[in-house]
Amino acid sequence: MALAHAAVRPITEIAIRGRSRDKAARVMELIGAKRPDIRLSFCEEIERDVANADIISCATGSPVPLFDGNWVTPGTHVDLVGNHHQDARECDTELMLRSQVFVDNRSNVFAEAGELLLPKAEGVFHLEQVSAELAELCRAEHSGRQNREEITLFKSVGSALGDLSAANLVYRTLYPGDNT
């Protein structure tokens, strides 16, 4: 995810946090091998690093929020792609309420994502508050971020079509001459 963001944004520094320092170090090695021009560091002080981040990407199986949504500063973009359970979430209710929310696919997210479903159950978030889904952004039916101070949040639970496309790409890469 860090490399994808760096491919389309002028990113010069990335801080990595993980429950396992060894796994975080491995991620840093992989990123460093592809992008030696980016300064990499461990996220040692979560509150400070969240407050200073322009982009926060979360891809964990954590059942509880990873940080306090009040730490996120205006203008930040947050990706949440790890959780796929109705009773778990990578972010807290506060971040959901402070953000313009986008999703990969409404029907999938509305069925699976605790990030939206738990604040909905608390009675403070309504699914109609989701601004757009990825296809609408791609078709320019929604302009995305409305101003530089806005916090944007993208929640993805994935889709079978995305999985199939990725599998097809891997297959075609490994077996370029096979047309079966």
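Residues numbered from 1 in each chain as written. Predicted model: local features only at pLDDT ≥ 70, side-chain atom pairs only at ≥ 80, totals over all residues. Heavy atoms only, no water.

The next thing to look at is the sheet that holds strand 4 (residues 77–80). Note on sheets: strands pair through backbone hydrogen bonds, and any given pair is parallel or antiparallel. An order of 3-4-7-5-6 is seen for the 5 strands of this open sheet, with the pairing classed as parallel. A strand with exactly one partner marks an edge of an open sheet, and here the two such strands are strand 3 (55–58) and strand 6 (130–133). Within the sheet, the average angular offset between the axes of one strand and its neighbour, ignoring direction, is 20 degrees. Looking at chain direction, strand 5 (residues 99–103) and strand 7 (residues 151–155) are connected through 5 bridges and run parallel. For S99, the partnering residue across the bridge sits in strand 7 and is I151. (Pairing = 2+ DSSP bridges. Helix = DSSP H or I, 4+ residues; strand = E, 2+ residues; numbered from the N terminus. Axes fitted to C-alpha atoms, helices over the stretch in contact; angles between N-to-C directions.)

On to the pattern of salt bridges, then. Counted under the stated rule, the structure contains 10 salt bridges. Between E13 and R39 there is a salt bridge whose closest N-O contact spans 2.3 Å. Of the two residues, E13 is situated in strand 1 (residues 13–16) and R39 in strand 2 (residues 39–42); the sequence distance between them amounts to 26 residues. Look at E13 and you get partly exposed, because its relative accessible area is 43%. Across the pair D37 and R35 runs a salt bridge whose closest N-O atoms are separated by 2.7 Å. For R35, a relative accessible area of 22% gives the class partly exposed. One salt-bridge network, held together by shared partners, links E45, R48 and D49. (Salt bridge = Lys/Arg side-chain N within 4 Å of Asp/Glu carboxyl O. Buried < 20%, exposed > 50% of the residue type's maximum accessible area, 1.4 Å probe, protein only.)

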